[in-house]
Amino acid sequence: MPISIILLGVFIILLNFKVTERVFSRLGVSIMMLDLLSILAFLLIMIKPINFYDIIYVSLGGFLIFTSLAIYLFFTVKQNKELRTIFLGFLSAIGVSYLFDLFFPFMQEQLFDYTTVIVATTLGVVIYTVCKNLKSSFIIIFLSMPIASLINFIINRQNNLGNMLFLGTGNFFEIGVIAFTTVYLIITFKTFKVFNKTKENDVLVLSNDEVVEINKKEEIDINE
């Protein structure tokens, strides 16, 4: 079973048990809607992807749900600073993907292996470093991966007519899911560290922005 399906299942469980609920709410979608979309994506991913004329291979759950949500979230962004950050993160994601492909040619493979984890984890760390925001990270990851796949298809289609465009499936989707999981785990780890400092009962559901604010206040208190 692809690791993306397993991670999505864990994500659904966390949502329904309201674990780090406020962190998930930072995606800009109600928890109920996010839960419904996640379950729908999970069910659609289990269905065999659609093959269009041996040219395009599309997973309705992996591409339609995730990419549509990323596009929706992008159009809800109102601050120019956040848009610039998303654009920078998008370029970083594309750059990291193609840089890693020089060493681990994952783009031409559709079989999951350890190189996929290396690329995805690094990508998640880079994107977190750029934006430090769960919503922006989701937008960057699930818009950049389909576009990277499209670029790869266009480049290689000329030399290999049998090359197919994979959308919402294959290594690109696996990398996207693992990268987003990496961002989520980093944010959760940071909130856990703050929990140990403040002993606040609900700190484990703080957003990353709230964690940053707490750390800033602590630094100010120390300086004073």
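Residues numbered from 1 in each chain as written. Predicted model: local features only at pLDDT ≥ 70, side-chain atom pairs only at ≥ 80, totals over all residues. Heavy atoms only, no water.

Draft legend 1. The arrangement of the overall build of the protein chain in detail. For the protein chain, the helix and strand inventory stands at nine helices and three strands. Relative to all contacts within the protein chain whose residues are 6 or more apart in sequence, the contacts with residues 24 or more apart total 69%. Surface summary for the protein chain: the accessible area is close to 12,200 Å², and the carbon and sulfur share equals 68%. (Helix = DSSP H or I, 4+ residues; strand = E, 2+ residues; numbered from the N terminus. Contact = heavy atoms within 4.5 Å. Areas by Shrake-Rupley, 256 points an atom, 1.4 Å probe, with all protein chains shown as cover.)

Draft legend 2. Region of interest: helix α4 (residues 60-75). The end-to-end C-alpha separation of α4 is 21 Å, in line with the 22 Å expected for 16 residues at 1.5 Å each. Where α4 is concerned, the buried positions are Gly61, Gly62, Ile65, Phe66, Thr67, Leu69, Ala70 and Leu73. (Expected span 1.5 Å × (residues − 1). Buried < 20%, exposed > 50% of the residue type's maximum accessible area, 1.4 Å probe, protein only.)

Draft legend 3. The layout of surface pockets, seen in detail. Of the pockets and cavities examined, the largest pocket occupies roughly 360 Å³. As for the largest pocket, its lining consists of 21 residues, of which Leu7, Leu8, Phe11, Phe180 and Thr181 are closest to the centre. Counted by class, the lining of the largest pocket contains 19 nonpolar, two polar and no charged residues. (1 Å grid on protein atoms, 1.4 Å probe; cavity = no way out; pocket = protein on both sides within 12 Å on 5 of 7 lines; lining within 4 Å. Points joined across faces, edges and corners; volume = space filled by probe spheres on them. Nonpolar A, V, L, I, M, F, W, Y, C, P; charged D, E, K, R; others polar.)

Draft legend 4. Representation of the sheet that holds strand β2 (residues 56-58). Spatially, β1-β2-β3 is the arrangement adopted by the three strands of the open sheet, whose pairing is mixed. Unpaired on one side and paired on the other, β1 (50-52) and β3 (165-167) mark the two borders of the sheet. Each neighbouring strand pair of the sheet contributes to a mean axis angle of 15°, computed without reference to strand direction. Note that β2 and β3 share three bridges and pair parallel. When the bridges of β3 are listed, Val58 appears paired with Leu167. (Pairing = 2+ DSSP bridges. Axes fitted to C-alpha atoms, helices over the stretch in contact; angles between N-to-C directions.)

Draft legend 5. Quick look at the packing of aromatic side chains. In total, this model carries seven aromatic pairs according to the counting rule given. Between Phe66 and Phe142, the ring centres sit 4.9 Å apart and the planes meet at 40°, which makes this aromatic pair tilted. Placement of the pair is Phe66 in helix α4 and Phe142 in helix α7 (residues 134-157), with a sequence separation of 76 residues. With respect to class, Phe66 is no different from Phe142; both count as buried. Plain terms: the ring middles of Phe142 and Phe180 are 6.3 Å apart, the flat faces sit at 55° to each other, and that makes the pair tilted. Of this pair, Phe142 sits in helix α7 while Phe180 sits in helix α8 (residues 170-198), placing them 38 residues apart in sequence. Among the residues examined, Phe180 registers a relative accessible area of 10% and is labelled buried. Among the aromatic side chains, those forming a connected cluster through ring pairs are Phe66, Phe138, Phe142, Phe173 and Phe180. Here Lys132 stacks its cationic end above the ring of Tyr128, 5.8 Å away from the centre of that ring. (Phe/Tyr/Trp six-rings, centres within 6.5 Å; stacked < 30°, edge-to-face > 60°. Lys NZ or Arg CZ within 6 Å of the ring centre and 35° of its normal.)

Draft legend 6. How the structure looks around the environment of Gly168. Checked against the element boundaries, Gly168 lands in the loop between β3 and α8. With 107 residues separating them in the primary sequence, Gly168 and Gly61 have C-alpha atoms 7.2 Å apart. Each residue touching Gly168, except ones within four places of it in the same chain, is listed here: Ser59, Gly62, Phe63 and Phe173.

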